[in-house]
Amino acid sequence: MNSQFLMCPPDYFGVEYSINPWMTHNLGCVDTDNAKKQWHSLFETLSKFANIELLKPRPHVPDMVFTANAGLVRKELFIPSHFQHLERRQEETHFRKWFLRMGYRLKDLADSVRFEGEGDALFQPGSNLLWMGYGFRTDPQSQDLLKKLFSLRIITLQLVDPRFYHLDTCFCPLSGGRVMYYPKAFSVDSLQSIKENIPAQNRIEISEEDAIHFACNAITIENNLILNHASPTLIDRLQSLGYRVILKPVGEFLKAGGGNKCLALSLTSN
Ligand code: ARG
(Lines give C-alpha, C1' and ligand atoms only; values in the text may rest on other atoms or scores of the structure.)
Protein backbone atom coordinates (compact mmCIF):
# COMPACT_ATOMS: atom_id res chain seq x y z
CA MET A 1 0.00 0.00 0.00
CA ASN A 2 1.45 3.33 -1.04
CA SER A 3 -0.91 5.68 0.74
CA GLN A 4 -0.59 6.68 4.34
CA PHE A 5 -2.91 8.75 6.53
CA LEU A 6 -2.95 10.15 10.05
CA MET A 7 -6.12 9.76 12.11
CA CYS A 8 -6.99 10.47 15.76
CA PRO A 9 -9.56 8.31 17.61
CA PRO A 10 -12.66 10.22 18.81
CA ASP A 11 -12.32 9.43 22.55
CA TYR A 12 -12.77 13.10 23.46
CA PHE A 13 -14.72 14.29 20.43
CA GLY A 14 -17.73 16.52 21.00
CA VAL A 15 -19.29 19.82 19.97
CA GLU A 16 -18.23 21.95 22.94
CA TYR A 17 -17.97 25.38 21.30
CA SER A 18 -19.07 26.91 18.05
CA ILE A 19 -16.65 28.12 15.40
CA ASN A 20 -18.71 27.29 12.30
CA PRO A 21 -22.45 27.33 11.49
CA TRP A 22 -22.81 23.53 11.78
CA MET A 23 -21.70 23.59 15.41
CA THR A 24 -24.08 26.37 16.49
CA HIS A 25 -27.15 24.14 16.68
CA ASN A 26 -25.32 21.03 17.79
CA LEU A 27 -23.66 22.11 21.04
CA GLY A 28 -23.57 19.08 23.34
CA CYS A 29 -25.50 16.97 20.80
CA VAL A 30 -22.92 14.35 19.79
CA ASP A 31 -23.87 10.73 20.43
CA THR A 32 -20.43 9.57 21.58
CA ASP A 33 -21.03 5.85 21.05
CA ASN A 34 -22.31 6.45 17.55
CA ALA A 35 -19.36 8.73 16.79
CA LYS A 36 -16.98 5.96 17.84
CA LYS A 37 -18.82 3.42 15.66
CA GLN A 38 -18.74 5.70 12.63
CA TRP A 39 -15.08 6.55 13.12
CA HIS A 40 -14.11 2.87 13.50
CA SER A 41 -16.05 1.92 10.41
CA LEU A 42 -14.22 4.62 8.44
CA PHE A 43 -10.91 3.44 9.91
CA GLU A 44 -11.62 -0.18 8.85
CA THR A 45 -12.52 0.84 5.32
CA LEU A 46 -9.57 3.18 4.88
CA SER A 47 -7.24 0.46 6.24
CA LYS A 48 -8.06 -1.64 3.18
CA PHE A 49 -6.50 1.01 0.94
CA ALA A 50 -3.85 2.67 3.06
CA ASN A 51 -1.64 2.46 6.14
CA ILE A 52 -2.98 4.51 9.00
CA GLU A 53 -0.93 6.16 11.71
CA LEU A 54 -2.73 7.11 14.90
CA LEU A 55 -2.34 10.22 17.02
CA LYS A 56 -3.06 9.73 20.72
CA PRO A 57 -6.37 11.39 21.62
CA ARG A 58 -6.25 14.07 24.32
CA PRO A 59 -8.92 15.65 26.49
CA HIS A 60 -9.97 19.32 26.02
CA VAL A 61 -9.23 19.35 22.26
CA PRO A 62 -12.53 17.96 20.93
CA ASP A 63 -11.79 18.89 17.30
CA MET A 64 -8.41 17.11 17.19
CA VAL A 65 -10.13 14.17 15.43
CA PHE A 66 -10.04 16.39 12.34
CA THR A 67 -6.40 15.63 11.60
CA ALA A 68 -6.68 17.07 8.06
CA ASN A 69 -6.24 20.42 9.81
CA ALA A 70 -2.90 19.46 11.41
CA GLY A 71 -0.91 20.99 8.56
CA LEU A 72 0.38 20.03 5.14
CA VAL A 73 2.79 17.19 4.45
CA ARG A 74 5.02 16.88 1.43
CA LYS A 75 7.68 14.17 1.49
CA GLU A 76 9.69 14.68 4.71
CA LEU A 77 8.51 18.26 5.27
CA PHE A 78 5.60 19.29 7.48
CA ILE A 79 4.09 22.77 7.48
CA PRO A 80 2.20 23.01 10.77
CA SER A 81 -1.14 24.78 10.98
CA HIS A 82 -1.72 27.95 12.92
CA PHE A 83 -5.43 28.04 13.64
CA GLN A 84 -7.72 31.01 13.22
CA HIS A 85 -9.70 30.21 16.40
CA LEU A 86 -8.17 30.06 19.86
CA GLU A 87 -10.31 26.99 20.58
CA ARG A 88 -8.20 24.96 18.16
CA ARG A 89 -4.76 26.44 18.86
CA GLN A 90 -4.15 23.97 21.69
CA GLU A 91 -4.07 21.19 19.11
CA GLU A 92 -1.00 22.68 17.45
CA THR A 93 1.52 21.41 20.00
CA HIS A 94 0.15 17.84 19.85
CA PHE A 95 0.42 17.77 16.07
CA ARG A 96 3.93 19.29 16.11
CA LYS A 97 5.19 16.78 18.65
CA TRP A 98 3.91 13.84 16.63
CA PHE A 99 5.56 15.02 13.41
CA LEU A 100 8.87 15.78 15.17
CA ARG A 101 8.86 12.36 16.79
CA MET A 102 8.26 10.73 13.41
CA GLY A 103 11.34 12.48 11.99
CA TYR A 104 9.66 15.11 9.79
CA ARG A 105 11.30 18.49 9.24
CA LEU A 106 9.00 21.31 10.37
CA LYS A 107 8.80 24.59 8.46
CA ASP A 108 6.82 27.30 10.22
CA LEU A 109 4.80 30.11 8.73
CA ALA A 110 5.16 33.59 10.24
CA ASP A 111 3.25 33.83 13.51
CA SER A 112 0.78 36.33 12.08
CA VAL A 113 -0.29 33.99 9.26
CA ARG A 114 -3.24 31.63 9.71
CA PHE A 115 -3.15 28.28 7.97
CA GLU A 116 -5.43 25.26 8.52
CA GLY A 117 -3.54 22.56 6.65
CA GLU A 118 -5.28 20.25 4.22
CA GLY A 119 -8.58 21.83 5.19
CA ASP A 120 -7.55 24.67 2.86
CA ALA A 121 -4.74 23.14 0.77
CA LEU A 122 -5.44 20.26 -1.61
CA PHE A 123 -3.10 18.77 -4.19
CA GLN A 124 -4.40 17.89 -7.62
CA PRO A 125 -3.44 14.18 -7.81
CA GLY A 126 -0.48 13.50 -10.09
CA SER A 127 0.45 17.14 -10.65
CA ASN A 128 2.30 19.96 -8.89
CA LEU A 129 -0.88 21.99 -8.62
CA LEU A 130 -2.03 22.97 -5.13
CA TRP A 131 -5.51 24.46 -4.68
CA MET A 132 -5.79 26.77 -1.66
CA GLY A 133 -8.92 28.17 -0.03
CA TYR A 134 -9.17 31.49 1.80
CA GLY A 135 -11.90 33.71 3.18
CA PHE A 136 -12.72 32.15 6.54
CA ARG A 137 -9.70 30.39 8.05
CA THR A 138 -6.48 30.33 6.03
CA ASP A 139 -4.69 33.56 5.05
CA PRO A 140 -3.76 33.76 1.37
CA GLN A 141 -0.23 34.89 2.45
CA SER A 142 0.42 31.30 3.55
CA GLN A 143 1.02 30.43 -0.10
CA ASP A 144 4.30 32.40 -0.11
CA LEU A 145 6.12 29.91 2.11
CA LEU A 146 4.62 26.92 0.28
CA LYS A 147 5.78 28.32 -3.05
CA LYS A 148 9.25 28.94 -1.66
CA LEU A 149 9.60 25.43 -0.24
CA PHE A 150 8.16 23.41 -3.08
CA SER A 151 8.02 24.07 -6.77
CA LEU A 152 4.26 24.30 -6.88
CA ARG A 153 1.66 25.99 -8.99
CA ILE A 154 -0.85 27.42 -6.53
CA ILE A 155 -4.38 28.53 -7.36
CA THR A 156 -6.19 30.35 -4.56
CA LEU A 157 -9.98 30.17 -4.34
CA GLN A 158 -12.12 32.52 -2.30
CA LEU A 159 -14.79 30.88 -0.15
CA VAL A 160 -17.96 32.93 0.36
CA ASP A 161 -20.52 30.67 2.12
CA PRO A 162 -19.83 30.27 5.87
CA ARG A 163 -21.20 26.70 5.78
CA PHE A 164 -18.25 25.85 3.53
CA TYR A 165 -15.53 27.55 5.53
CA HIS A 166 -12.71 25.17 4.52
CA LEU A 167 -11.85 24.35 0.91
CA ASP A 168 -12.20 20.61 1.56
CA THR A 169 -15.88 21.08 2.47
CA CYS A 170 -16.79 22.17 -1.06
CA PHE A 171 -13.98 21.18 -3.43
CA CYS A 172 -12.36 17.84 -4.17
CA PRO A 173 -9.53 17.30 -6.68
CA LEU A 174 -9.88 13.87 -8.30
CA SER A 175 -7.55 11.55 -10.19
CA GLY A 176 -7.70 11.92 -13.96
CA GLY A 177 -7.39 15.72 -13.78
CA ARG A 178 -10.98 16.21 -12.59
CA VAL A 179 -12.41 18.33 -9.81
CA MET A 180 -15.73 18.00 -7.97
CA TYR A 181 -17.11 21.15 -6.31
CA TYR A 182 -20.14 23.12 -5.14
CA PRO A 183 -20.11 26.30 -7.29
CA LYS A 184 -22.06 28.57 -4.93
CA ALA A 185 -19.40 28.23 -2.25
CA PHE A 186 -16.98 30.31 -4.39
CA SER A 187 -16.67 33.95 -5.42
CA VAL A 188 -17.37 34.74 -9.07
CA ASP A 189 -13.65 35.31 -9.76
CA SER A 190 -12.67 32.01 -8.18
CA LEU A 191 -15.28 30.11 -10.20
CA GLN A 192 -13.72 31.69 -13.23
CA SER A 193 -10.24 30.46 -12.20
CA ILE A 194 -11.57 26.91 -11.81
CA LYS A 195 -13.03 27.16 -15.30
CA GLU A 196 -9.85 28.59 -16.79
CA ASN A 197 -7.75 25.80 -15.34
CA ILE A 198 -9.99 22.75 -15.72
CA PRO A 199 -11.78 21.96 -18.99
CA ALA A 200 -15.58 21.58 -18.84
CA GLN A 201 -15.55 17.80 -19.26
CA ASN A 202 -13.36 17.49 -16.15
CA ARG A 203 -15.52 19.63 -13.88
CA ILE A 204 -18.13 17.90 -11.73
CA GLU A 205 -20.47 20.47 -10.21
CA ILE A 206 -22.58 19.14 -7.37
CA SER A 207 -26.00 20.16 -6.05
CA GLU A 208 -26.64 21.96 -2.77
CA GLU A 209 -28.22 18.77 -1.43
CA ASP A 210 -25.00 16.82 -2.03
CA ALA A 211 -22.90 19.74 -0.78
CA ILE A 212 -24.63 20.04 2.58
CA HIS A 213 -24.10 16.32 3.09
CA PHE A 214 -20.37 16.90 2.53
CA ALA A 215 -20.09 14.92 -0.72
CA CYS A 216 -17.00 16.96 -1.63
CA ASN A 217 -15.34 16.00 1.64
CA ALA A 218 -14.10 12.73 0.16
CA ILE A 219 -10.98 10.76 0.93
CA THR A 220 -9.51 9.92 -2.46
CA ILE A 221 -7.14 7.05 -3.13
CA GLU A 222 -6.66 6.77 -6.87
CA ASN A 223 -10.16 6.19 -8.24
CA ASN A 224 -11.66 5.20 -4.85
CA LEU A 225 -13.73 7.87 -3.13
CA ILE A 226 -14.77 7.45 0.49
CA LEU A 227 -17.48 9.92 1.42
CA ASN A 228 -20.39 10.59 3.74
CA HIS A 229 -23.19 10.77 1.21
CA ALA A 230 -23.88 11.16 -2.49
CA SER A 231 -27.22 11.32 -4.29
CA PRO A 232 -28.03 8.59 -6.84
CA THR A 233 -27.41 11.15 -9.63
CA LEU A 234 -23.95 11.98 -8.32
CA ILE A 235 -23.09 8.32 -7.74
CA ASP A 236 -24.08 7.52 -11.36
CA ARG A 237 -22.01 10.37 -12.70
CA LEU A 238 -18.93 9.40 -10.69
CA GLN A 239 -19.26 5.72 -11.55
CA SER A 240 -19.66 6.46 -15.24
CA LEU A 241 -16.32 8.32 -15.07
CA GLY A 242 -14.66 5.24 -13.54
CA TYR A 243 -14.69 6.17 -9.86
CA ARG A 244 -15.65 3.74 -7.12
CA VAL A 245 -17.94 5.41 -4.59
CA ILE A 246 -17.77 4.08 -1.04
CA LEU A 247 -20.33 5.59 1.31
CA LYS A 248 -19.29 5.88 4.95
CA PRO A 249 -21.78 7.99 6.89
CA VAL A 250 -20.16 10.11 9.60
CA GLY A 251 -23.19 12.14 10.68
CA GLU A 252 -21.91 12.66 14.23
CA PHE A 253 -18.88 14.51 12.83
CA LEU A 254 -20.99 16.59 10.48
CA LYS A 255 -22.44 18.14 13.65
CA ALA A 256 -18.98 19.71 14.14
CA GLY A 257 -18.71 20.67 10.47
CA GLY A 258 -16.41 17.85 9.36
CA GLY A 259 -16.73 14.77 7.15
CA ASN A 260 -14.60 11.83 6.04
CA LYS A 261 -11.79 13.86 4.52
CA CYS A 262 -11.43 16.04 7.61
CA LEU A 263 -10.87 12.89 9.69
CA ALA A 264 -7.72 11.81 7.83
CA LEU A 265 -4.58 13.76 6.92
CA SER A 266 -2.70 12.44 3.93
CA LEU A 267 0.97 11.72 4.72
CA THR A 268 1.73 10.77 1.11
CA SER A 269 -0.11 13.17 -1.20
CA ASN A 270 1.91 14.07 -4.32
N1 ARG B 1 -15.09 21.94 14.07
C2 ARG B 1 -13.95 21.95 13.20
C3 ARG B 1 -13.61 23.40 12.82
O4 ARG B 1 -14.53 24.18 12.65
C5 ARG B 1 -14.20 21.11 11.99
C6 ARG B 1 -13.00 20.96 11.10
C7 ARG B 1 -13.28 20.21 9.84
N8 ARG B 1 -12.09 19.95 9.14
C9 ARG B 1 -11.90 20.14 7.81
N10 ARG B 1 -10.79 19.74 7.29
N11 ARG B 1 -12.79 20.75 7.08
O12 ARG B 1 -12.48 23.76 12.67
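Nothing here was measured: the structure is a model prediction, and the numbers come from that model.

Below, the discussion takes up the overall build of the protein chain. When its secondary structure is counted, the protein chain shows nine helices and 15 strands. For a compact globule of 270 residues, the expected C-alpha radius of gyration is about 18 Å, and the protein chain comes in at 17 Å, within 12% of that figure. Its C-alpha atoms give the protein chain principal-axis dimensions of about 45 × 40 × 40 Å. When burial is assessed residue by residue, the protein chain has 59% of its 270 residues classed as buried.

Turning our attention to the nonpolar core. If you look at the biggest cluster of nonpolar residues, it comprises 66 residues, and the most contacted ones within it are Trp 131, Phe 171, Met 180 and Phe 186. A total of four residues in this core trace back to one element, the largest contributor, which is helix 2 (residues 32-47). Once residues lying within four places of it in the same chain are set aside, the contact partners of Met 180 are Cys 170, Phe 171, Cys 172, Leu 174, Ile 204, Ile 206, Ala 215, Cys 216, Leu 227, Leu 234 and Leu 238. Judged by nonpolar contacts, the second largest core, of 16 residues, contains Phe 78, Tyr 104, Leu 106 and Leu 267.

This next bit is on helix 8 (residues 232-240). Regarding helix 8, the residues found buried are Leu 234, Ile 235 and Leu 238. Buried residues of helix 8, viewed axially, fall in a sector of 100°; they line one side. Facing away from the buried side of helix 8 by over 90 degrees, the exposed positions are Pro 232, Thr 233, Asp 236 and Ser 240. Positive phi shows up at Gly 242, right after helix 8, with a value of about 95°.

Right, let's talk about the sheet that holds strand 2 (residues 50-54) for a bit. Neighbouring strands of a sheet are bound in pairs by backbone hydrogen bonds; such pairs are parallel or else antiparallel. Pairing is mixed in the open sheet, where three strands are placed in the order 2-1-15. Because the sheet does not close on itself, it has two edges, and the strands there are strand 2 and strand 15 (265-266). Relative to strand 15, strand 1 (residues 3-7) runs antiparallel, the two being bridged by two bridges. Each residue of the ladder has a partner; that of Leu 6, found in strand 15, is Leu 265. Strands in contact with helix 2 are strand 1 and strand 2; relative to strand 2, the strand with the most contacts, it is inclined by about 135°.

Definitions and cut-offs
Residues numbered from 1 in each chain as written. Predicted model: local features only at pLDDT ≥ 70, side-chain atom pairs only at ≥ 80, totals over all residues. Heavy atoms only, no water. Helix = DSSP H or I, 4+ residues; strand = E, 2+ residues; numbered from the N terminus. Rg over C-alpha atoms; globule rule 2.2 N^0.38 Å. Buried < 20%, exposed > 50% of the residue type's maximum accessible area, 1.4 Å probe, protein only. Core = buried A, V, L, I, M, F, W, Y, C linked by side-chain atoms within 4.5 Å. Contact = heavy atoms within 4.5 Å. Arc of directions from axis to C-beta. Pairing = 2+ DSSP bridges. Axes fitted to C-alpha atoms, helices over the stretch in contact; angles between N-to-C directions.

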